[in-house]
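# Structural features, examined
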Amino acid sequence: MTTRIGVYPGSFDPLTLGHLDIVRRGARFVDRLVIGVTSNPSKEPMFTVAERLEMVRRETADLGNVSVVEFDSLLMDFAEREGATLILRGLRAVADFEYEYQMAGMNQQLNDRIETVFLMADVSLQPIASRLVKEIARYGGAIDKFVTPAVAADVAAKLVR
Ligand code: PNS
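Note that the coordinates shown come from a computational prediction; the quantities given were computed from them, not determined experimentally. (Residues numbered from 1 in each chain as written. Predicted model: local features only at pLDDT ≥ 70, side-chain atom pairs only at ≥ 80, totals over all residues. Heavy atoms only, no water.)

## Re unusual backbone geometry
Going by this rule: Numbering of helices and strands runs from the N terminus, with a helix taken as a DSSP run of H or I at least four residues long and a strand as a DSSP run of E at least two residues long. Burial classes: relative accessible area under 20% of the type maximum marks a residue as buried, over 50% as exposed, and values in between as partly exposed (1.4 Å probe, protein chains only).
Along the chain, Asp13 connects to Pro14 via a cis peptide bond; the corresponding omega equals 0°. We note that Phe12 has phi near 50°; this positive angle belongs to a residue other than glycine. By secondary structure assignment, the location of Phe12 is in the loop between strand S1 (5–10) and helix H1 (17–29). Given the relative accessible area of 1%, Phe12 is considered buried.

## Examining the side chain of Thr16
In plain terms, the rule: We define a polar contact as two N or O atoms separated by no more than 3.5 Å, with the added condition that, inside protein, one atom must be a possible hydrogen donor and the other a possible acceptor, whereas residues neighbouring each other in sequence contribute only through side-chain atom pairs. Contacts are residue-level and defined by heavy atoms, with any inter-residue pair within 4.5 Å sufficient.
Along the chain, the position of Thr16 falls in the loop between S1 and H1. For Thr16, the side chain forms a polar contact with the main-chain nitrogen of Gly18, separated by 3.2 Å. Excluding anything up to four places from it in sequence, Thr16 contacts Ile128, Ser130, Val133, Phe146 and Val147.

## Overview of the pattern of salt bridges
Applied cut-off: Basic side-chain nitrogens of Lys or Arg form a salt bridge, by our definition, when they fall within 4 Å of a carboxyl oxygen of Asp or Glu.
Taken as a whole and judged by the stated rule, the model has 10 salt bridges. Here Arg58 makes a salt bridge to Glu59, at a shortest N to O gap of 3.0 Å. For Arg58, a relative accessible area of 34% puts it in the partly exposed group. Members of the salt-bridge network, linked through shared partners, are Asp21, Arg25 and Asp122.

## Brief notes about the layout of surface pockets
The cut-off we apply is this: Lining residues are those with an atom within 4 Å of a point, where the points come from a 1 Å grid over the protein atoms alone and group into cavities, where a 1.4 Å probe fits but cannot get out, or pockets, open sets with protein on both sides within 12 Å along at least five of seven lines. Grid points are joined across faces, edges and corners, and a volume is the space filled by probe spheres set on the points.
Its boundaries defined by the atoms lining it, the largest pocket holds a volume of some 1200 Å³. Contributing to the lining of the largest pocket are 47 residues, with Gly10, Ser11, Lys43, Arg89 and Tyr99 lying nearest its centre. Elements supplying a minimum of two residues to the lining of the largest pocket: S1, H1, helix H3 (75–81), strand S4 (86–90), helix H4 (94–110) and helix H5 (130–138). Broken down by element, the lining of the largest pocket gets its largest block of residues, eight residues, from H4.

This is the structure we're talking about:
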């Protein structure tokens with residue numbers, strides 16, 4: 001039997017409860033889920049790639065079939081190297097659709113052997129976005145409904161520096 005490998009790529013700056021929900025859901029329907037943390041996010045990150053890797057590893061340590069890998073290449077090249085047949089992406093609202101549709105379409109043109117699959121996080125976690133978590137935290141708001149206690153502490157530590 002072939003092993004079904006999925007890649008869940010992202011910036012994870014920081015990892016949210018929405019991301020974790022997608023990881024848990026995704027890990028159920030693949031044999032191995034590789035979380036790809038991009039070392040080259042389009043926006044200026046709050047956390048270095050080493051910090052984001054450590055954060056994602058720590059928060060997914062209880063999931064036996066999940067591993068966390070840094071990548072700095074085209075996503076489709078990374079997925080091919082990992083032997084993946086699936087790319088997982090979380091889809092939140094209509095606002096996400098345009099961007100995700102474009103990426104999935106262009107990635108399909110780059111490599112038609114790897115399929116992009118969209119998952120929906122739990123409805124209660126739908127609105128969470130890393131960008132807004134950082135904004136709320138910068139203005140002193142509580143982020144404990146959006147991230148784990150350890151990630152909330154990581155964000156707080158960045159802001160006191
Ligand atoms: O969490 P994000 O920031 O929405 O994730 C975006 C990510 C990492 C999936 C995307 O930027 C990406 O795939 N980067 C790798 C470079 C690449 O393949 N670009 C072409 C996409 S069509």
